[in-house]
Amino acid sequence: MRYSTKQILRAAIGLAVVAGFAFTPANAAEKKNFKVAWSIYVGWMPWGYAADSGIVKKWADKYGINIEVKQFNDYVESINQYTAGSFDAVTVTNMDALSIPAAGGVDTTAVIVGDFSNGNDAVILKNKDKLADIKGQNVNLVEFSVSHYLLARALASIGSQEKDLKVVNTSDADMAAAYKTPDVTAVVTWKPIVSTILESPDAHKVFDSSQIPGEIIDLMVVNSAVLKDNPKFAKALVGIWYETLATMKKGTASKEAMAKASGTDLKGFDEQLATTKLFSDPKDAVAFTTGKDLKTTTERVSKFLFEKSLLGKDAKSEGAVGVEFPDKSVFGDKGNIKFRYDATFMKEAADGRL
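Parameters and conventions
- Throughout this description, residue numbers start from 1 for each chain and increase along the sequence as written.
- With the structure being a predicted model, the display of local features is reserved for residues of pLDDT at least 70 and the display and counting of side-chain atom pairs for 80 or more, all residues being used for whole-chain, interface and lining totals.
- Only hydrogens and water are set aside; all other atoms, that is, all heavy atoms of the structure, feed into the side-chain values.
- A helix here means a DSSP run of H or I that spans at least four residues, while a strand means a run of E at least two residues long, and both kinds are numbered starting from the N terminus.
- As defined in this context, the radius of gyration uses C-alpha atoms, and a globule is described by 2.2 Å times the residue total to the power 0.38.
- Residues are treated as being in contact if the distance between any of their heavy atoms lies within 4.5 Å.
- Here the open area of atoms and residues is found with the Shrake-Rupley method and a 1.4 Å probe, where only the protein chains shown may cover a residue.
- A positive count includes Lys and Arg, and a negative count includes Asp and Glu. His and the chain ends are not counted in either.
- Every charge is mapped to an atom, namely NZ of Lys, CZ of Arg, CG of Asp or CD of Glu.
- Side-chain rings of Phe, Tyr and Trp, where Trp is taken by its six-membered ring, are said to pair if the distance between their centres is within 6.5 Å; with planes under 30 degrees apart they count as stacked, over 60 as edge-to-face, and otherwise as tilted.
- A 1.4 Å probe rolled over the protein chains alone gives each residue an accessible area, and that area as a share of the maximum for its type sets the label: buried under 20%, exposed over 50%, partly exposed in between.
- In this analysis the charged atom, NZ for Lys or CZ for Arg, is taken to sit over a ring once it is within 6 Å of the ring centre and within 35 degrees of the ring normal.
- Known as pLDDT, the predictor's confidence for each residue is given on a scale from 0 to 100.
- Here, a salt bridge means any Lys or Arg side-chain nitrogen found within 4 Å of an Asp or Glu carboxyl oxygen.
- The set of buried Ala, Val, Leu, Ile, Met, Phe, Trp, Tyr and Cys residues whose side-chain atoms join them within 4.5 Å is what this entry labels a nonpolar core.

> Looking at this structure, I do not really get the overall build of the protein. What am I missing?
Scanning the protein from terminus to terminus reveals 16 helices and 14 strands. Relative to the 2.2 N^0.38 estimate, which gives 20 Å for 354 residues, the radius of gyration of the protein is 20 Å and therefore close to what a compact globule would have. A principal-axis box enclosing the C-alpha atoms of the protein has dimensions of 60 × 50 × 35 Å. Excluding contacts between residues fewer than 6 apart, the proportion of contacts in the protein whose partners are at least 24 apart in sequence is 78%. On the protein, roughly 14500 Å² of surface is accessible, and the fraction owed to carbon and sulfur atoms is 50%. Seen as two clouds, the 43 positive and the 43 negative side-chain charges of the protein have centres 3 Å apart.

> Hey, could you run me through the packing of aromatic side chains in this one?
Each aromatic ring pair is summarised here by two numbers: the centre-to-centre distance and the angle between the ring planes. In this structure the tally under the stated criterion is eleven aromatic pairs. Taken together, a centroid distance of 4.3 Å and an interplanar angle of 10° make the contact between F34 and F233 stacked. Residue F34 is located in strand β1 (residues 33-39), and its partner F233 is located in helix α11 (residues 231-247); the two are separated by 199 residues in the primary sequence. When its relative accessible area of 2% is taken as the criterion, F34 is described as buried. Judged by centre distance (5.6 Å) and plane angle (25°), the ring pair of W44 and Y75 falls under stacked. Of this pair, W44 sits in the loop between β1 and α3 (45-53) while Y75 sits in helix α5 (residues 75-83), placing them 31 residues apart in sequence. The buried category is assigned to W44, whose relative accessible area is 2%. For K70, the ring lying beneath its charged end belongs to F72, and the centroid distance is 5.0 Å.

> What exactly am I supposed to notice about the confidence of the model for the protein here?
Per-residue confidence for the protein gives a mean pLDDT of 92, with 92% of residues at or over 70. Across residues 4-24 the pLDDT falls below 50, and counting only partners more than four positions away or on other chains, this stretch makes 38 contacts in the model.

> When you look at the pattern of salt bridges in this model, what are you seeing that I'm missing?
Pairing of side chains with opposite charge becomes possible as their charged atoms draw close. Counted under the stated rule, the structure contains 18 salt bridges. Between D61 and K57 there is a salt bridge, with its nearest N and O atoms 2.7 Å apart. Placement of both D61 and K57 in helix α4 (residues 55-62) is noted, with a separation of four residues, approximately one turn of the helix. What makes K57 exposed here is its relative accessible area of 55%. For K295, the salt bridge is made with D327, and the minimal N-O distance between the two is 2.7 Å. Note that K295 is positioned in helix α15 (residues 293-307) and D327 in the loop between β12 (322-324) and β13 (330-331), a separation of 32 residues in sequence. Accessibility expressed as a relative area gives 25% for K295, which makes it partly exposed. One network of salt bridges, with partners in common, ties together D107, E324, K328 and R340.

> Looking at this structure, how should I read the nonpolar core?
For soluble globular proteins, nonpolar side chains are generally found buried alongside one another. In this structure, I67, I134, F233 and F339 are the most contacted members of the largest nonpolar core, which totals 118 residues. Here this core gets nine residues from one element, more than from any other, and that element is α11. Other than its neighbours up to four places away in sequence, I134 contacts V123, L125, V139, L151, L155, L165 and A186.

In structure tokens, the structure reads:
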């Protein structure tokens, strides 16, 4: 689960509050004990399995450290806890990493680019089958979420803007039920909610994230100060990740466990995986992270966040928060780099050097 309405409001309104903790991460310097936060979503389920199966302990032992992996049922709370310094690493989307910890002043580094949504997120209309039909409608979605971003990209594809419709902020928990009511005629949401809604004969998918591939990205990020002083932590995380993904190719046992933990069965989990571009091979993750498209995506996401006033109260432009890429180029303010993509450890995995 990525969001609920209450969580979004807390994230949007609470940036200033969170920022109060941002400059005192109790994480700096070399240490032995680390905490990782994760939440339920198809692209992050491997972390729970890794903890339960002993893969986390195996890699932590290899590097002489201890790693605690904690599941949160509240996605934004996991990010807020990371931002406040209570956790060293967290699973998060690219958009939320930029708008919450980075915009809140916490220097954050993406060490694992795990996947991107490739159809998991969709725009659905009732009794209409063309995206242009969305104009003039009320559109139910979780405001300021990746659904909101997807809507913006969908509208741009037909030369339209949000002013041509009305966004109705709706909890993800209420979305499927809301669609069944006569007044709701357009929704933007994600799987498994998408699959449930599309079971209705009047539901038509008119746009999805496969049409903007590589823009809604799922990451494992680490506090940059922690990373600098504790590179072994990142090595262990990357080792854990790729070993766990490898189990998903060797049979169905690990996927069945992940499916059960996420509240579905193997068929339902496979359906979600089918519309998730999971980078099982670290070489593919490195290629994506070092590619030019990521820079373009970062500019688009930053622009959206700036327009929604989600880059902090003092942001003067979409480049207010600097983002550094593996080649050390920077989008935005070079004097305020707070978000970084680092392919170093994924490259070590690809080269068999972990």
